[in-house]
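Below are the chains, spelled out letter by letter.
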Amino acid sequence: MAKYILKRVLMAVITLFIVICLTFFLMNAVPGSPWLSEKTPTQATIDALNEKYGLDQPVIVQLGKYLGNMLQGDFGDSIKMQKDRPVLDIITTMFPISAKIGIIAIVWAILVGVPLGCLAAYKRGTWVDSLLRVICTLGISMPGFVVATILLYLLAGGIEGFKIFPTIFDGTWQSYVLPCAALGFYPMCYLSRQTRTAMLDSINQEYIKTARAKGLRNRKIIFKHALRNALIPVITYLGPQIAFTLCGGFVVETVFSIPGLGRYFVSSIQNRDYPIIMGTTIFLAAFIIVMNLVVDLLYKLVDPRINLSKGGN
Amino acid sequence: MEEKQKTGKLLEVKDLHVSFFTPAGEVKAVGGISYDLDYDEVMGIVGESGSGKSVEAYSIIGLLQSPGKVIGGSITLEGEDVLAKSKEEMIDLRGNKVAMIFQNPMTCLNPVYTIGNQLIEALKAHDKKVSKEEAAKRAMEMLELVGINNVEKRMKQYPHELSGGMRQRVMIAMGLICHPQLLIADEPTTALDVTIQAQILELMKDLQKKTHMGIIFITHNLGVVAEICDKVSVMYAGKMVEQGPVDDIFYKPGHPYTMGLLRSMPRVDAESYERLIPIEGTPVDMLNPPEGCPFAPRCEYAMKICLQKMPPYVELGEGHRAACWLRVQEQLEKEKAGQADGKPAAETENKEAGDHE
């Protein structure tokens, strides 16, 4: 087990290195520069700025420097969005806000999505199943800003005299409700579909027949015998999805004006704020790698037949 | 332990009809079968795939899956009408009074729970008051009873760590843990290799003697029937074509289908040049079953009447009856001979049996 984890960590380091190099080269290959805005500065200013931030050197030298600093825990400073603020500081202040909303979102998505999936599988072919299918297909196909807008319209003042929740995130519990609902809706629908498919498969297995022949009650058959066998595809999806959701949704954070990390993923690229692009990318990549490792370890817990050390070879 | 209830029948099935309502139409999977089973008796149900033998057994235990439905007849277990029971009562019945074991032990145990967990669960489903330690003790006793050693270790193992024969033993232990009166075994040895098959059969015979339960043994293997059963019901296309004590079925088969089955079975005493004789033709299309005797299209003795009317049962001996026009005809001839001797004729409606080709 320890050997397996060690191997995975080593692989994670290699993966991260590749991600860093790829991002670094691609980011520099994109035309544009952080210094271009409405008023184009003079060439002399641009040259001076490039020199100051080391952008005048060849990309490979820049990368080498970046990696060297990174190993010492220095992810550089923002060069445009929050000028001269350390990237690490930006991530450590923004991430908790996104993560808090993300955790609530993913928890409600699991608590609602998985049982709904079970229900749909159990009632397959009935109107309950059809209704859930319509809702989930809608949830999966609707873009996030549509969900957010609908929620805002229905519950935050779109209807005359009916305003339960604030439109702008201000840290009060009421202001958490709509962002969490909007952020969790997609994973909830996706999970529900995934659970339904996996449950249909396991409900038709012979051990379910055995469980019924034993005289077990439906609840036990569904939640003990069928669900545990259906969990593998569900956690496979959940691992990376948790990383994505906790890092914040760009759309949801923009719509509700949440000062979270999600917005930085996109706006750092628009602004060519190279250190932030690198910082956020590495953070998300590392997060996803860790989640995937957790998922693989969970497999073993869920299904005793899975042999990690063999599968790792 | 069931000594006091030894009187009366354990199970009586009367004119049972089960249909599957599929989009393509109604499939009459079981079309009116009747039999009874005593305590301490083993009955084999033999037939080829799709003959309705499993469907019939599933309706006893209330495990028919939609779109299957019992549409007629009655099932009486220890004097109680099974078909009138509520869902809750059926849950109480399953695994308690009636247990069932299945064909494929490789897939019938839940792969993610330990053997012990699954055994204890079977017991706790019907005995809510039993303590954890007591349940574990009972589970281990059951494992020992079915010939598994090293039980404490086995309790903690997962199904994939056990061999097929061992898993079937676990299935049997699980079925018997609540001391059922009736055990339905749906091809319990089919998926096992021959040596293991023999061991499992031996075990079941042994357990049956110890517990005096009734067993319904579903199989398509006549060798297994000869080994374990007291009586046999032969099913074809949802109908019971012949029924009788095991010796009668083997030595005096009354229905051409039974004869065909016997001829297609390998025998140890056969001469080396003898070939197995298959039953020609294919099983009936259950969506459009033929009129008359379902076996008629494949039957070498088929007469005109066979294609028009389902034959009635003819008593061939004590507890031995077959549904075949040939036997009806024989009986009529016997009666005619009897009439000449001064005995009155019975069953005039069977007269039409005479106009064969």
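Scope of this entry: the structure provided in the associated data block. Predicted model only: the values in this text are computed from it and were never measured.

1. Observations regarding the overall build of chain B
Now for step 1: Helix and strand counts for chain B stand at 12 helices and 12 strands.
Now for step 2: In terms of C-alpha radius of gyration, chain B reaches 22 Å, essentially the compact-globule figure of 21 Å for 357 residues.
Now for step 3: With the C-alpha coordinates aligned to their principal axes, the bounding extent of chain B is approximately 75 × 55 × 45 Å.
Now for step 4: Residues counted as buried form 52% of the 357 residues belonging to chain B.
Now for step 5: The contacts of chain B with a sequence gap of at least 6 include a subset with a gap of at least 24, amounting to 66%.
Now for step 6: Both charge centroids of chain B, one from 40 positive and one from 53 negative side chains, sit 4 Å from each other.

2. Some thoughts on the overall build of chain A
Now for step 1: Assigned secondary structure in chain A consists of 13 helices and two strands.
Now for step 2: In terms of principal-axis extent, the alpha carbons of chain A reach across some 80 × 60 × 30 Å.
Now for step 3: Within chain A, the fraction of its 313 residues that count as buried is 44%.
Now for step 4: Here the contacts in chain A between residues at least 6 apart in sequence split such that 73% fall between residues at least 24 apart.
Now for step 5: Element-wise, carbon and sulfur atoms account for 68% of the exposed surface of chain A, whose accessible area totals about 15,900 Å².

3. Considerations on the sheet that holds strand 2 (residues 25–37) of chain B
All names here are of chain B.
Now for step 1: Strand order across the open sheet formed by four strands is 2-1-4-5, with antiparallel pairing between neighbours. Taken across any chain shown, the strands that pair with only one partner, and hence form the sheet edges, are strand 2 and strand 5 (80–81).
Now for step 2: Sheet analysis places strand 4 (residues 68–77) next to strand 5, joined by two bridges and oriented antiparallel. Bridge assignment links Thr-76 to a residue of strand 5, and that residue is Asp-81.

4. Some thoughts on the packing of helix 4 (residues 115–124) of chain B against helix 5 (residues 132–145) of chain B
All names here are of chain B.
Now for step 1: The interhelical angle for the contact between helix 4 and helix 5, taken along N-to-C directions, is 110 degrees, at an axis separation of 9 Å. Looking at the two axes, helix 4 sits roughly perpendicular to helix 5. Taking contact as the criterion, the partners of Ile-115, Leu-119, Ile-120, Leu-123 and Lys-124 in helix 4 are, on helix 5, Lys-132, Ala-135, Ala-136, Arg-138, Ala-139 and Leu-143.
Now for step 2: Its residues placed into classes, the contact of helix 4 with helix 5 shows eight nonpolar, no polar and three charged.

5. With respect to the nonpolar core
Now for step 1: Ranked by size, the top nonpolar core spans 111 residues in total, and within it Leu-11, Tyr-35, Leu-182, Met-204 and Phe-217 of chain B carry the most contacts.
Now for step 2: Tallying contributions element by element places helix 7 (residues 164–176) of chain B first for this core, with seven residues.
Now for step 3: Setting aside anything within four residues of it in sequence, one finds Met-204 of chain B in contact with Ile-101, Ile-172, Leu-183, Ala-185, Pro-188, Ile-215, Phe-217 and Ile-228 of chain B.
Now for step 4: Among the nonpolar cores identified, the runner-up in size contains 57 residues, and Leu-63, Ile-79, Leu-200 and Met-278 of chain A belong to it.

6. Some details on the interface of chain A and chain B
Now for step 1: Each partner contributes to the interface: chain A provides 19 residues, whereas chain B provides 31 residues.
Now for step 2: Of the roughly 2,300 Å² buried between chain A and chain B on both sides combined, carbon and sulfur atoms contribute 53%.
Now for step 3: When the buried surface of chain A facing chain B is broken down by residue, Arg-212, Lys-214 and Arg-217 of chain A rank first, second and third, together holding 27% of it.
Now for step 4: Residues Glu-121 of chain B and Lys-214 of chain A are paired through a salt bridge, measuring 2.6 Å at the closest nitrogen-oxygen approach.

7. Details of the sheet that holds strand 11 (residues 313–317) of chain B
Either a parallel or an antiparallel arrangement is found when strands of a sheet pair, and the pairing is made through backbone hydrogen bonds.
Residue and element names in this part refer to chain B.
Now for step 1: Taken in spatial order, the eight strands of this open sheet run 6-7-8-3-9-10-12-11, and their pairing is mixed. Edge positions in the open sheet fall to strand 6 (98–101) and strand 11, since each of these has one partner strand only. Taken over all neighbouring pairs, the strand axes of this sheet differ in orientation by 20 degrees on average, direction set aside.
Now for step 2: Against the sheet, helix 1 (residues 53–61) engages strand 3 (42–46), strand 6, strand 7 (182–186), strand 8 (214–219) and strand 9 (231–236), with an angle of about 150 degrees to strand 7.

8. Here's the deal with the packing of aromatic side chains
Now for step 1: Applying the stated criterion across every chain, the model contains 12 aromatic pairs over all chains.
Now for step 2: An aromatic cluster of at least three residues, connected via ring pairs, comprises Phe-95, Phe-283 and Phe-287 of chain A.
Now for step 3: Its end group placed over the ring of Tyr-113 of chain B, Lys-224 of chain A keeps NZ or CZ at 4.8 Å from the ring centre.
Now for step 4: In this structure, Arg-228 of chain A packs its charged tip against the face of Tyr-113 of chain B, placed 4.9 Å from the ring centre.

9. Points about the pattern of salt bridges
Now for step 1: Tallying each qualifying case throughout the model produces 24 salt bridges over all chains.
Now for step 2: The salt bridge partner of Asp-129 of chain A is Arg-133 of chain A, with a shortest N-O separation of 3.4 Å. Residue Asp-129 of chain A and its partner Arg-133 of chain A are both found in helix 5 (residues 127–141); the two are separated by four residues, about one turn of the helix.
Now for step 3: The exposure class of Asp-129 of chain A is buried, given its relative accessible area of 1%.
Now for step 4: The partner of Lys-231 of chain B in a salt bridge is Asp-36 of chain B, with the nearest N and O atoms 3.5 Å apart. Highlighted residues: Lys-231 of chain B in strand 9 and Asp-36 of chain B in strand 2, separated in sequence by 195 residues.
Now for step 5: Through salt bridges that share partners, Glu-78, Glu-80, Lys-85 and Lys-97 of chain B make up one connected network.

10. Let's talk about the environment of Tyr-274 of chain A
All names here are of chain A.
Now for step 1: Mapped onto the elements, Tyr-274 comes out in helix 12 (residues 274–302).
Now for step 2: On the basis of relative accessible area, Tyr-274 is assigned to the buried category, the value being 9%.
Now for step 3: A C-alpha to C-alpha distance of 46 Å links Tyr-274 and Arg-305, two positions 31 residues apart in sequence.
Now for step 4: If we skip the residues at most four places from it in the chain, Tyr-274 touches Met-27, Asn-28, Gly-32, Ser-33, Pro-34, Leu-55 and Ile-79.

11. With respect to helix 8 (residues 194–211) of chain B
Residues and elements named next belong to chain B.
Now for step 1: Under the 1.5 Å per step criterion, the end-to-end length of helix 8 is 26 Å for 18 residues, consistent within 8% with the ideal 26 Å.
Now for step 2: Residues Gln-197, Ile-200, Leu-201, Leu-203, Met-204, Leu-207, Gln-208 and Thr-211 constitute the buried set of helix 8. Buried positions in helix 8, seen along its axis, are confined to an arc of 160 degrees and lie on one side of it. Counted as exposed and oriented over 90 degrees from the buried face of helix 8: Thr-195 and Lys-209.
Now for step 3: Count one or two residues on from helix 8 and you reach His-212, which has phi positive near 60 degrees.

12. Some details on the pairing of strand 3 of chain B
Residues and elements named next belong to chain B.
Now for step 1: Taken across its five residues, strand 3 has five buried, putting it largely inside the fold.
Now for step 2: Here strand 3 shows a buried face lined by Val-42, Gly-44 and Val-46 and a second buried face lined by Met-43 and Ile-45.
Now for step 3: Bridge count for strand 3 against strand 8 is five bridges, and the pairing is parallel. Paired with Gly-44 across the two strands is Phe-217, which belongs to strand 8.
Now for step 4: As paired strands, strand 3 and strand 9 are joined by four bridges and run parallel to one another. Paired with Ile-45 across the strands is Ser-233, a residue of strand 9.

Conventions used here
- Just so you know, the residues in each chain are numbered from 1, in the order the chain's sequence is written.
- Just so you know, chain letters begin at A and ligand numbers begin at 1, following the order they were written in.
- Local features are withheld for residues below a pLDDT of 70 in this predicted model, meaning they are given only at 70 or higher, and side-chain atom pairs are given and counted only at 80 or more; totals for whole chains, interfaces and linings count all residues.
- Values reported for side chains reflect all heavy atoms of the structure, with hydrogen atoms and water molecules removed beforehand.
- Strands here are runs of E lasting at least two residues and helices are runs of H or I lasting at least four, both read from the DSSP assignment and numbered beginning at the N terminus.
- We take the radius of gyration over the C-alpha atoms and set the globule estimate at 2.2 Å times the residue count to the 0.38 power.
- Working definition: with a 1.4 Å probe on protein chains only, accessible area under 20% of the residue-type maximum means buried, over 50% means exposed, and in between means partly exposed.
- Only heavy atoms enter the contact rule, under which two residues are in contact if any of them lie within 4.5 Å.
- Under the convention used here, Asp and Glu are negative, Lys and Arg are positive, and both His and the chain ends fall outside the count.
- For this purpose, a charge sits on NZ of Lys, CZ of Arg, CG of Asp or CD of Glu.
- Methods summary: accessible areas were calculated by the Shrake-Rupley approach with a probe of 1.4 Å, and residue burial reflects only the protein chains presented.
- Whether two strands pair depends on DSSP finding at least two bridges between them.
- Orientation is described by axes fitted as lines to C-alpha atoms, over the contacting stretch for helices, and by angles from 0 to 180 degrees between their N-to-C directions.
- To sort the angles, those under 35 degrees are grouped as roughly parallel, those over 145 as roughly antiparallel, those from 65 to 115 as roughly perpendicular, and the leftovers as oblique.
- Note on residue classes: Ala, Val, Leu, Ile, Met, Phe, Trp, Tyr, Cys and Pro are nonpolar, Asp, Glu, Lys and Arg are charged, and everything else, Gly too, is polar.
- By nonpolar core is meant a set of buried Ala, Val, Leu, Ile, Met, Phe, Trp, Tyr and Cys residues that side-chain atoms within 4.5 Å join together.
- The term buried area refers to how much accessible surface (probe radius 1.4 Å) is lost by two components on association, counted for both of them together.
- The rule for a salt bridge is simple: a side-chain nitrogen of Lys or Arg has to be within 4 Å of a carboxyl oxygen of Asp or Glu.
- The rule is short: rings of Phe, Tyr and Trp, with Trp giving its six-membered ring, pair when the centres are within 6.5 Å, and they are stacked under 30 degrees, edge-to-face over 60, tilted in between.
- Our definition puts a charge over a ring when NZ of Lys or CZ of Arg is within 6 Å of the ring centre and also within 35 degrees of the ring normal.
- Helix span, expected: 1.5 Å multiplied by one less than the number of residues in the helix.
- Taking the helix axis as origin, the arc is that swept by the directions to the C-beta atoms.

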